[in-house]
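One letter stands for each residue in the lines below.
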Amino acid sequence: MIKEYDIIVVGAGHAGSEAAAAAANLGSSVLLITMNLTNIAQMSCNPAMGGIAKGQIIREIDAIGGYSGIVTDKSMIQFRMLNKSKGPAMWSPRSQNDRMLFSKEWRNVLEQIHNLDFWQDMVIGLTVESGRVTGVRTSMGHEIKSQAVILTNGTFLNGKIHIGIKQFGGGRIGEKSSTGITENLNALGFTSNRMKTGTPVRLDGRTIDFSKLEEQPGDEVPGKFSFTNTAALTQQRSCYLAYTSTKVHDILKTGFSESPMFNGRIEGVGPRYCPSIEDKINRFSHKTSHQLFVEPEGWNTIEYYLNGFSSSLPDHVQYKALKSIVGFENAKIFRPGYAIEYDYFPPIQLKHSLETKLIANLFFAGQINGTTGYEEAACQGLIAGINAHLKINRQSEFILKRSEAYIGVLIDDLITKGVDEPYRMFTSRAEYRILLRHNNADIRLTPKAFEIGLVTDQRFQIVNKKQRIISELIAFLNTESISPEIIESALINKNTPPITHKVKLATLLLRPQVTLQDLMKSYDKLFNFIANMDIDVINECMEEAEILIKYGGYIEKEQEIAEKIDRLEEIYLNPEIDYFKLQSLSYEAREKLTKIKPSTIGQASRISGITPSDISVLAVFVGR
């Protein structure tokens, strides 16, 4: 009944959807297996995409040919660019999305891919022969063959839901957990552990008094995530801010004795940067208030998400505390918050391609690797899907360096440093974040995706056109001079000193107060030069040209540093090296190098506990 496939993807969340799409678009026959086909790419937690560093990841996924950016744009109900008061390396796009429309759009995307099939079932184990995965076994009794398997199980592996003293199996509330895979992988020699995440109450918007809350509208001119021609927002829904109080905290504390977090029933480690409300009250007892974000779940629903009020306390305690928040005195809830525990596999068991070291052609992506967040999961799925296709076709791996993408930073962090708590991406994790701006993701990555066949020639040519226009615009700004009388009033209005003689336009643009738009308004020759360029991409080109001029010195210096460090990535280490025979290495280095088996000296240098002297020893050994 079910044929053999090139690749089987297990799980249809954000990681699984990107993995299946990428592998199928590259030409592999793909089977996507999920326990519930109506919940493809479900937004299990908050209905939002992007944010600090996460927005850059979505832009990178789009630049490589993934679909998260396109689906986000099509289901967006609000857009905000975060950190605009800081430098461009910190600008991060974020959207509020229609939860149901997001899932619908993802399913539409997947159903348009002709060599992608679907099967609703639970995978309970793998078939493995001679150290290579050969397919999966399902709860319906099917054994389906494939050349590669990608596991993207999210929070479903032996998932357990906690609400106060109540606990029951589930991967999400209302959905059963997945059993069998963890036990099968452990028997094959993999190591697993437990993690925990949580989600807040969902509210009836008709019972919230928004007049008592602080409105948080979207940007006046909303942006978007995809570099393709997705439609821009013409209307938006507002979010709102609310605040807890000491009264709310006191009520929540009455449930601490029944909290599974505090009485030991939850064994898994929770996310450091998205703690539950009871954890925040406990850890930050000096704070009398915590900010909450009241977020609509879609265009045509009364349901709201209370971001910041994640909880596993008894439902009656959650409800009583909620009604003590200003604006929520008459609130009704659709369902309580809950915590969920699930199995994950420490990612040091993976290669940079996300293939497991232990079993050939088996790939892990998403929360199974200890990450948290839709964006982190989606980019892993994309990379796993690409590399699974390349592996079975005997082609070179698709690996992104830390200096090339946030995706490269994330994957390198996972497999080099491992995780002992849910991993979340931040701009601070990227040492080359000036290079990894959200607006240049297509310039950085689309040519690489074109080389492997994941983006069309048309998209590649658009990027080439952008690069040409940016170069022409920078050249014009560096050669064209402007007279003092032309720009004097504009400079005075910008509270920056006037000039006394002709200066290059690029020199004026170095001033923080002066923008390219300011120069266009004052200098007709510049305006006409830009007006004659390609209108489709000119706004993006103007932004990039301005950044390259204003921050050119910083960008050039960081590029030089990245190139020096990248040389260490070209010095490869044989996986068969017996590090315990290298007595010049510290004992800690020998232990960690043996456990992680880094592929290059560059990767070895990033392992915690490896010293510069250890790297020198390795360099001498490899040279010998």
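Residues numbered from 1 in each chain as written. Predicted model: local features only at pLDDT ≥ 70, side-chain atom pairs only at ≥ 80, totals over all residues. Heavy atoms only, no water.

The end-to-end C-alpha distance of helix 9 (residues 374–392) is 27 Å, a good match for the 27 Å that 19 residues give at a rise of 1.5 Å each. Across the 19 residues of helix 9, 18 count as buried, placing the element largely inside the fold. Directly after helix 9, the chain includes Arg394, whose backbone phi takes a positive value near 55°. (Helix = DSSP H or I, 4+ residues; strand = E, 2+ residues; numbered from the N terminus. Expected span 1.5 Å × (residues − 1). Buried < 20%, exposed > 50% of the residue type's maximum accessible area, 1.4 Å probe, protein only.)

The next point concerns empty space enclosed by the protein. Summed over the entire model, instances satisfying the criterion amount to two cavities of 30 Å³ or more. With four residues, helix 10 (residues 406–417) is the largest single contributor of residues to the lining of the largest cavity. A per-class count over the lining of the largest cavity returns six nonpolar, two polar and one charged. Here the second largest cavity defines a volume of roughly 40 Å³. Ranked by the residues each element gives to the lining of the second largest cavity, the list is headed by helix 9, at three residues. (1 Å grid on protein atoms, 1.4 Å probe; cavity = no way out; pocket = protein on both sides within 12 Å on 5 of 7 lines; lining within 4 Å. Points joined across faces, edges and corners; volume = space filled by probe spheres on them. Nonpolar A, V, L, I, M, F, W, Y, C, P; charged D, E, K, R; others polar.)

Further remarks concern the environment of Thr134. Inspection of the secondary structure assignment puts Thr134 in strand 8 (residues 132–138). For Thr134, a relative accessible area of 14% puts it in the buried group. In sequence terms Thr134 and Tyr319 are 185 residues apart; their C-alpha atoms lie 49 Å from each other. If we ignore the near neighbours within four places in the chain, the residues touching Thr134 are Thr127, Val128, Glu129, Ile144, Lys145 and Ser146. (Contact = heavy atoms within 4.5 Å.)

Here we take up the environment of Asn464. With respect to the element layout, Asn464 can be found in helix 12 (residues 457–479). Residue Asn464 is classed as partly exposed on the basis of its relative accessible area, which comes to 28%. Once the C-alpha coordinates of Asn464 and Tyr423 are considered, the two residues, 41 residues apart in sequence, prove to be 35 Å apart.

Bringing the sheet that holds strand 15 (residues 239–243) into the picture now. As summarised here, the arrangement of the six strands in space is 14-15-16-17-13-18, forming an open sheet in which the pairing is antiparallel. A strand with exactly one partner marks an edge of an open sheet, and here the two such strands are strand 14 (214–216) and strand 18 (333–335). Neighbour-to-neighbour, the strand axes of the sheet open up by a mean angle of 35°, direction not taken into account. As paired strands, strand 13 (residues 202–204) and strand 18 are joined by two bridges and run antiparallel to one another. Residue pairing across strands places Arg202 opposite Arg335, the latter belonging to strand 18. (Pairing = 2+ DSSP bridges. Axes fitted to C-alpha atoms, helices over the stretch in contact; angles between N-to-C directions.)

Counted by the stated rule, this structure contains 10 aromatic pairs. Each ring, one from Tyr67 and one from Trp106, has its centre 6.1 Å from the other, and the planes form 75°; the classification is edge-to-face. With a gap of 39 residues between them, Tyr67 in the loop between helix 2 (54–64) and helix 3 (68–75) and Trp106 in helix 4 (residues 99–111) connect regions that are remote in the sequence. The burial state of Tyr67 is the same as that of Trp106; both residues are buried. Summarising the aromatic geometry, the rings of Phe190 and Phe364 are spaced 5.6 Å apart at their centres and angled 45° between planes, so their arrangement reads as tilted. Taken as a pair, Phe190 in the loop between helix 5 (181–187) and strand 12 (193–199) and Phe364 in strand 20 (residues 362–364) lie far apart in primary sequence, 174 residues in all. (Phe/Tyr/Trp six-rings, centres within 6.5 Å; stacked < 30°, edge-to-face > 60°.)

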